[in-house]
Amino acid sequence: MIETVSDEIFEDLKACAIQVWSKYDDTHGYRSEKTNYLTRLENISDNYRAIIQMMDLSNQKELFTLVKFDTQVFLRAFYMDYYSEAAKYAELHG
């Protein structure tokens, strides 16, 4: 598992995630809840994972299209690692 990311990648993920969440209706505070959480999130430990995993697959795809090239390279490595670990777990635990 990738433990930390550079500040540049983290800030790119965060800014683009806020952009993704900003398109949602805020009638019941859904958008505000997500964007406020992201605004306060700091690049500590594996907090980058929270940014990615708070989204469904459709929003993750949108996030990927918005981030810079270096962040896309990081995301590719993240998904390879993530799904490799999931496959290992499934093998062990059926």
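Just above, that's the structure.
Treat the numbers as computed from the prediction; the structure is a model and nothing was measured.

Draft legend 1. Quick look at the environment of D26. By secondary structure assignment, the location of D26 is in the loop between α1 (7–21) and α2 (30–40). Judged by relative accessible area, D26 falls into the partly exposed class, the value being 23%. It is 24 Å that separates the C-alpha atoms of D26 and V67, two residues lying 41 residues apart in sequence. If we skip the residues at most four places from it in the chain, D26 touches R31 and S32. A distance of 3.4 Å separates a polar side-chain atom of D26 from the backbone nitrogen of Y30.

Draft legend 2. Layout of the packing of aromatic side chains. Going through the model one piece at a time under the given rule, you end up with seven aromatic pairs. Here W21 and Y30 contribute two aromatic rings whose centre-to-centre distance is 5.6 Å and whose plane-to-plane angle is 75°, an arrangement assigned as edge-to-face. Assessed through its relative accessible area of 2%, W21 is described here as buried. Measuring from centroid to centroid gives 5.3 Å for Y48 and F74, while their planes differ by 80°, and the two rings are edge-to-face. Here the residue Y48 occupies a position in helix α3 (residues 47–53), and F74 occupies one in helix α5 (residues 69–93), the gap between them amounting to 26 residues. Taken together, the aromatic side chains of Y48, F74, F78 and Y79 make up a single cluster linked through ring pairs. Here the basic side chain of K34 rests over the ring of W21, its NZ or CZ set 5.2 Å away from the ring centre.

Calculation notes
- Starting afresh in each chain, residues are numbered from 1 along the sequence in its written order.
- A pLDDT threshold of at least 70 governs which residues receive local features in this predicted model, and a stricter bar of 80 or more applies before side-chain atom pairs are shown or counted, although totals over entire chains, interfaces and linings include all residues.
- In computing side-chain properties, one takes all heavy atoms of the structure into account and sets aside hydrogens as well as water.
- Put simply, DSSP marks the helices as runs of H or I at least four residues long and the strands as runs of E at least two long, and each gets a number from the N terminus on.
- The buried label goes to any residue with under 20% of its type's maximum accessible area, the exposed label to any with over 50%, and the partly exposed label to all in between, with areas taken from a 1.4 Å probe on protein chains only.
- By definition in these notes, contact holds between two residues if any of their heavy atoms fall within 4.5 Å.
- Two N or O atoms count as a polar contact when they lie within 3.5 Å, although within protein this holds only if one can serve as hydrogen donor and the other as acceptor, and sequence-adjacent residues are included solely when both atoms are side-chain atoms.
- Only Phe, Tyr and Trp rings take part, Trp by its six-membered ring, and two of them pair if their centres are within 6.5 Å. Stacked means planes under 30 degrees apart, edge-to-face means over 60, and tilted covers everything else.
- Distance and angle both matter: a charge sits over a ring if NZ of Lys or CZ of Arg is within 6 Å of the ring centre and within 35 degrees of the ring normal.

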